[in-house]
Number of protein chains: 2
Amino acid sequence: MDQHVELMSSFAEKRTIKLVISYDGFGFCGWQRQNNGQTIQGEIEAVLHHLTGEHTVVNGAGRTDAGVHADGMVAHFSTHSRLSPAVFQRGLNALLPASIRIYQAEEVPLSFHARFSAIGKKYRYSIYTGAVVPPMLRFYVWHVPRVLDLDSIDTCLAIVTGTHDFSSFENSGTRDKSVPSVRGAVRTIYQATLDLDQDGILALQFFGNGFLRNMVRNLVGTLVEVGLGKIPNSDFVAILQAKDRTKGGPTAPAHGLCLQEVLY
Amino acid sequence: MDQHVELMSSFAEKRTIKLVISYDGFGFCGWQRQNNGQTIQGEIEAVLHHLTGEHTVVNGAGRTDAGVHADGMVAHFSTHSRLSPAVFQRGLNALLPASIRIYQAEEVPLSFHARFSAIGKKYRYSIYTGAVVPPMLRFYVWHVPRVLDLDSIDTCLAIVTGTHDFSSFENSGTRDKSVPSVRGAVRTIYQATLDLDQDGILALQFFGNGFLRNMVRNLVGTLVEVGLGKIPNSDFVAILQAKDRTKGGPTAPAHGLCLQEVLY
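All of these numbers come straight from a predicted model, not from anything done at the bench.

Caption draft 1: Focus on the layout of surface pockets. Volume-wise, the largest pocket comes out at about 1700 Å³. Those elements that provide at least two residues to the lining of the largest pocket are strand 3 (69-79), strand 5 (120-128), strand 9 (201-208) and strand 10 (257-263) of chain A together with strand 3 (69-79), strand 5 (120-128) and strand 10 (257-263) of chain B.

Here's what the structure looks like:
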């Protein structure tokens, strides 16, 4: 009987499983599998191999850089295993380090693709403006211990909202050429907001249909220069329109960034 | 001139400096200096030696165990150095690991003692009741993935509020005998509250005039047993009145506990 089940199992139909993943990016070399260094994709693939015996590729909705966090990364993989999504979730959470957690696992149509099916993403960038960073926040906020002109930043957030060529905020030579690229560097930001919470964390949130490599970090680095008065907010439109990365501000550090949600 | 200043300095009057300290207890062997293992007291004393050349004892308001956090520990030290409190704060924060931060430094009367002058302390214990612990919370919450009867826990919190002999929640043989102990195991809890926040964190907060060794963790371990229905809440009064540690529930893990504030 067991042999029969196993035989059946080896001919089980291919299925696609979607995962919603959270991770603490500290200590990882980013999402994407590498030969050297621990990555989130690599860790999940290793556990799936352990659970199914298959060498499975886990396709993420995007690649987060070293140190970037996620609270709602989405990925999918194909499998001939007959394990239920709930068993995949439990097995992954049992064998992965606690810095990577599977929030959800579900079977989706074979046509689902975590990257190509995505219609939007939400990112959150956290800045701590107080004098001393609380130890529990140190891996999750960029420390800018200065008074920032929030009105000026807010004005710029209104300017980036909408459909624009974001070349001024794209690191040169880094676009993922495997993505069909009729849109080039044009992206739409549906919403860009600013919120200073009671713990002193300034959160900049961006909801858009897609983001260029380092786009959020380059936007935030530039917005902080505006907030500090180093870049007049009247210059911000010109920076955006220049379509030239050299006109933008610096890249904000990775560890303030968190991929919050991928929408389908 | 410089020599004169230095000579003056070496005869500067003794002063007492009060520090308000936050730390992430993960990776530390607790507050108290040890010969083996990194401790918060040991780290601060080492930096003060570097800053002043003096071998200074940093007296904490209490001892937190390995893994316990603090967001408002208070300590004091005596010094002949003429460094201002602001310079002490900056120097300590520059040289300490980012897991220990000095929120405040101020000169206080010589009679001030972080432990003996304290009139109250506030502790917070955090429990995560959801199925999967968000990675960013993993070092700061106890994971109890169960439905807890919050009304029963709340009833018990009302019972512990007030002045009681808390022997049932004191680990045997651990009382600090150097503290004048006319009060024995009698302590007063002014306020004990429960709050389930939007992130799914159940916070139990205790404000009292003093706490026995492991008292909060033993209370929380027992309250969770009540919440799970393993101990009927009608038995809770008997446990408190037994003045016998063997009647209480287990000790909750260290990493859910945070010393929030010390009052003077």
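Caption draft 2: How the structure looks around the pattern of salt bridges. Residue and element names in this part refer to chain B. If you walk through the whole model with that rule in mind, you get 14 salt bridges over all chains. Here Glu-107 makes a salt bridge to Arg-15, at a shortest N to O gap of 3.1 Å. With a gap of 92 residues between them, Glu-107 in strand 4 (residues 100-108) and Arg-15 in strand 1 (residues 15-23) connect regions that are remote in the sequence. Glu-107 gets classed as partly exposed once you look at its relative accessible area, which sits at 44%.

Caption draft 3: Quick look at the relation of the copies chain A and chain B. Once chain A has been moved 0.0 Å along the axis and rotated by 180°, it coincides with chain B to within an RMSD of 0.0 Å. Overall, the copies show the geometry of a two-fold rotation axis. For chain A, the minimum C-alpha distance to the rotation axis belongs to Met136(A) and amounts to 4.6 Å. When the interface residues of chain A are mapped onto chain B, 100% of them again fall at the interface, so both copies present the same face.

Caption draft 4: Examining helix 2 (residues 40-52) of chain B more closely. All names here are of chain B. Given a rise of 1.5 Å per residue, 13 residues ought to cover 18 Å, and the 18 Å separating the end C-alpha atoms of helix 2 matches this to within 8%. Along helix 2, the positions that sit buried rather than exposed are Ile-40, Gln-41, Ile-44, Glu-45, Val-47, Leu-48 and Thr-52. Along the axis of helix 2, the buried positions cluster into a sector of 165°, meaning they face one direction only. Against strand 1, strand 3, helix 3 (85-95) and strand 4 lie the buried residues of helix 2. Of the residues flanking the start of helix 2, the one acting as N-cap is Thr-39, its side-chain oxygen 3.0 Å from the backbone nitrogen of Gly-42. Just downstream of helix 2 lies Gly-53, where phi reads positive at about 80°.

Caption draft 5: Layout of the nonpolar core. One finds Leu19(A), Ile21(A), Trp31(A), Ile44(A), Ile127(A), Phe206(A) and Val220(A) to be the most contacted residues of the largest nonpolar core, which totals 65 residues. Top contributing element to this core by residue count: helix 5 (residues 215-227) of chain A, with seven residues. Dropping the residues within four chain positions of it, Ile21(A) is found in contact with Trp31(A), Ile44(A), Ala70(A), Asp71(A), Gly72(A), Met73(A), Ala75(A), Ile100(A), Arg101(A) and Ile102(A). Of all hydrophobic cores here, the second largest spans 64 residues; its members include Phe28(B), Leu96(B), Leu202(B) and Phe211(B).

Caption draft 6: The packing of helix 4 (residues 150-160) of chain A against helix 5 of chain A, seen in detail. Residues and elements named next belong to chain A. Running from amino to carboxyl end, helix 4 crosses helix 5 at an angle of 140°, the nearest separation of the two axes being 8 Å. As helix 4 runs across helix 5, the sense of the crossing is right-handed. Residues Ser-152, Ile-153, Cys-156, Leu-157 and Val-160 of helix 4 form the contact with helix 5, whose own contacting residues are Leu-219, Leu-223, Val-226 and Gly-227. Tallied by class, the residues present in the contact of helix 4 with helix 5 amount to seven nonpolar, two polar and no charged.

Caption draft 7: Inspection of the interface of chain A and chain B at higher detail. Contact residues are listed per partner, giving 21 residues for chain A and 21 residues for chain B. Overall, the association of chain A and chain B removes approximately 1500 Å² of surface from exposure, summing both partners, and the carbon and sulfur fraction of that is 69%. Along the contact surface separating chain A from chain B lie two salt bridges. Linking Arg138(A) and Asp24(B) is a salt bridge whose minimum nitrogen-to-oxygen distance equals 3.0 Å. The set of elements that each furnish at least two residues to the side of chain A that touches chain B consists of strand 1 (15-23), strand 3, helix 3 (85-95) and strand 4 (100-108) of chain A. Partitioned by chemical class, the residues of the side of chain A that touches chain B number 13 nonpolar, five polar and three charged.

Caption draft 8: Representation of helix 4 of chain A in the model. Residues and elements named next belong to chain A. Along helix 4, the residues that are buried comprise Ser-152, Ile-153, Cys-156, Leu-157 and Val-160. The buried residues of helix 4 all sit within an arc of 145° when viewed along its axis, so they share a single face. Away from its buried face by more than 90 degrees, helix 4 exposes Asp-151 and Ala-158. On its buried side, helix 4 packs onto strand 7 (162-165), strand 8 (186-196), strand 9, helix 5 and helix 6 (236-242). Its side-chain oxygen 3.1 Å from the backbone nitrogen of Asp-151, Asp-149 forms the N-cap of helix 4. Gly-162 lies just past helix 4 and shows a positive phi near 115°.

Caption draft 9: The arrangement of unusual backbone geometry in detail. Phi is positive for Asn214(A), close to 65°, though the residue is something other than glycine. Along the chain, Asn214(A) falls in the loop between strand 9 and helix 5.

Definitions and cut-offs
Residues numbered from 1 in each chain as written. Chains lettered and ligands numbered in written order. Predicted model: local features only at pLDDT ≥ 70, side-chain atom pairs only at ≥ 80, totals over all residues. Heavy atoms only, no water. 1 Å grid on protein atoms, 1.4 Å probe; cavity = no way out; pocket = protein on both sides within 12 Å on 5 of 7 lines; lining within 4 Å. Points joined across faces, edges and corners; volume = space filled by probe spheres on them. Helix = DSSP H or I, 4+ residues; strand = E, 2+ residues; numbered from the N terminus. Salt bridge = Lys/Arg side-chain N within 4 Å of Asp/Glu carboxyl O. Buried < 20%, exposed > 50% of the residue type's maximum accessible area, 1.4 Å probe, protein only. Least-squares fit on C-alpha atoms with pLDDT ≥ 70 in both. Contact = heavy atoms within 4.5 Å. Expected span 1.5 Å × (residues − 1). Arc of directions from axis to C-beta. Polar contact = N/O pair within 3.5 Å; in protein donor to acceptor, adjacent residues only side chain to side chain. Core = buried A, V, L, I, M, F, W, Y, C linked by side-chain atoms within 4.5 Å. Axes fitted to C-alpha atoms, helices over the stretch in contact; angles between N-to-C directions. Left-handed = near helix turned anticlockwise from the far one by under 90°. Nonpolar A, V, L, I, M, F, W, Y, C, P; charged D, E, K, R; others polar. Buried area = accessible area lost by both parts, 1.4 Å probe.

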